[in-house]
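# Understanding the architecture of this molecule
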Amino acid sequence: MAAGLERPQVVAHAQQALSYTLFDVKWVPRSARLLCLGSAARGSGLLQLYELRGGRLELLREIEKAKPLKCGTFGATSLQQRYFATGDFGGNLNIWNLEAPEIPVYSVKGHKEIINSIDGVGGLGIGEGAPEIVTGSRDGTVKVWDPRQKDTPVANMEPVQGESKRDCWTVAFGNAYNQEERVVCAGYDNGDIKLFDLKTMSLRWETNIKNGVCSVEFDRKDVNMNKLVATSLEGKFHVFDMRTQHPTKGFASVSEKAQKSTIWQVRHLPQNRDIFMTSGGAGSLHLWKYEYPAQRSKKDLEGAEMGVAGSVSLLQNVTLSTQPISSLDWSPDKKGLCVCGAFDQTVRVLIVTKLNKV
């Protein structure tokens, strides 16, 4: 581990108590603002816009919607528009203009049940190709939407005939480095991880990590697939080297037991893809660094290329809450600025120092 003086520190900068269950937090790109979304006590959905002013969060706007809001993304919109896409408990995908949030600019009944997870790509200068949104739902399906096309998804990944439907807990885009290539990774409640290739519209790879998959994220969406982190229900996470796919063994991986409780989220530092943060069921955050092996691939006995996994080291950990930290987002603009939401109904803004020293 790095010498004590050089280790990053996680500093609580501002926090705000909320009167509702918080499910997701997101920085508004190119601003000192953040969004909190969740479920009010009476069963409606709440979206709150805060601005960071000095050491406090000031509420700028509160919007109430019919259904509880579970997840959101800016990923499929331009930096000029900054439209926000949300998935709700009714299975609806809505896109909001935060300047005029009364009526969504796009709306579709995407799923039969709750949308657990959402991701966007092709906007914000992240990833080539169409501005697409992927949604994963309790109904077992994963769907990809192009907001320019009404009502029908451009891709629909559902259980094959005779296969029981699994609750999809997490989805993420990757490999969006040119106009043609793009993948979606999905994680399910039974430990399945599936990688769908949107170019060939086929299942490219699947594996099982034996425990519910809470969060998946590529280290970057807009590069040739490099690494994928998957976190699980029983305190483990797995880092897959996605550069080399072996015909039978798939992708090499390293796994780490981070804690005893669920790892709810993983988020890579936008300015350094080898640093990532995990958030846990015990109210803690862990900051990790991935180290590449001397050689990232080798040949097996048959001469087929197979990946070689690297290693992970813990840079810092901190306990902030008595309840699970269920959502996490790095500022895309200011290195080390981070926001997290916990089930103690508090949103916290953190500053992680010394990230350029690790």
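Thresholds applied
- Residues numbered from 1 in each chain as written.
- Predicted model: local features only at pLDDT ≥ 70, side-chain atom pairs only at ≥ 80, totals over all residues.
- Heavy atoms only, no water.
- UniProt positions renumbered as here; feature names shortened; annotations may be inferred.
- Helix = DSSP H or I, 4+ residues; strand = E, 2+ residues; numbered from the N terminus.
- Buried < 20%, exposed > 50% of the residue type's maximum accessible area, 1.4 Å probe, protein only.
- Contact = heavy atoms within 4.5 Å.
- Polar contact = N/O pair within 3.5 Å; in protein donor to acceptor, adjacent residues only side chain to side chain.
- Disulfide = S-S within 2.5 Å.
- Phe/Tyr/Trp six-rings, centres within 6.5 Å; stacked < 30°, edge-to-face > 60°.
- Lys NZ or Arg CZ within 6 Å of the ring centre and 35° of its normal.

The name given to the protein chain in an unreviewed UniProt entry is Dynein axonemal assembly factor 10, and the organism recorded there is Chionis minor. Under Subcellular location (unreviewed entry), UniProt gives the following word-for-word description of the protein chain: "Dynein axonemal particle". Regarding the protein chain, the UniProt comment filed under Function (unreviewed entry) reads as follows: "Key assembly factor specifically required for the stability of axonemal dynein heavy chains in cytoplasm."

## Some points on the environment of Asn175
Examined against the element boundaries, Asn175 turns out to sit in the loop between β14 (168-174) and β15 (183-188). Assessed through its relative accessible area of 3%, Asn175 is described here as buried. Counting along the chain gives 10 residues from Asn175 to Cys185, while the straight-line C-alpha distance between them is 10 Å. In this view, Asn175 contacts Glu181, Arg182, Val183, Arg204, Lys221, Val223, Asn224 and Met225; residues no more than four positions away in its chain are not counted. Reaching out from Asn175, the side chain makes a polar contact with the backbone nitrogen of Met225 at a distance of 2.9 Å.

## With respect to the side chain of Asn92
Structurally, the position occupied by Asn92 is in strand β8 (residues 92-96). When its relative accessible area of 18% is taken as the criterion, Asn92 is described as buried. Excluding residues within four positions of it along the chain, Asn92 makes contact with Lys67, Thr86, Gly87, Val108, Lys109, Gly110 and Ile115.

## Re the state of the cysteines
As enumerated under the stated definition, the model contains 0 disulfides in all. The thiol of Cys338 is not disulfide-bonded; the next cysteine sulfur, from Cys340, is found 5.8 Å away. Residue classification places Cys338 among the buried positions, given a relative accessible area of 0%.

## What to know about the packing of aromatic side chains
This model, assessed by the stated rule, comprises 8 aromatic pairs. Consider the rings of Phe74 and Phe84, whose centres lie 4.7 Å apart with planes at 45°: the pair is tilted. Remark: Phe84 occurs in strand β7 (residues 84-88) and Phe74 occurs in the loop between β6 (69-73) and β7; sequence separation between them is 10 residues. An aromatic cluster is defined as three or more aromatic residues linked by ring pairs; in this entry it consists of Trp205, Phe240 and Phe251. The lysine or arginine in question, Lys150, covers the ring of Tyr106, its NZ or CZ lying 5.0 Å from the ring centre. Of note, Arg182 hangs over the ring of Phe173, and the distance from its end group to the ring centre comes to 5.6 Å.

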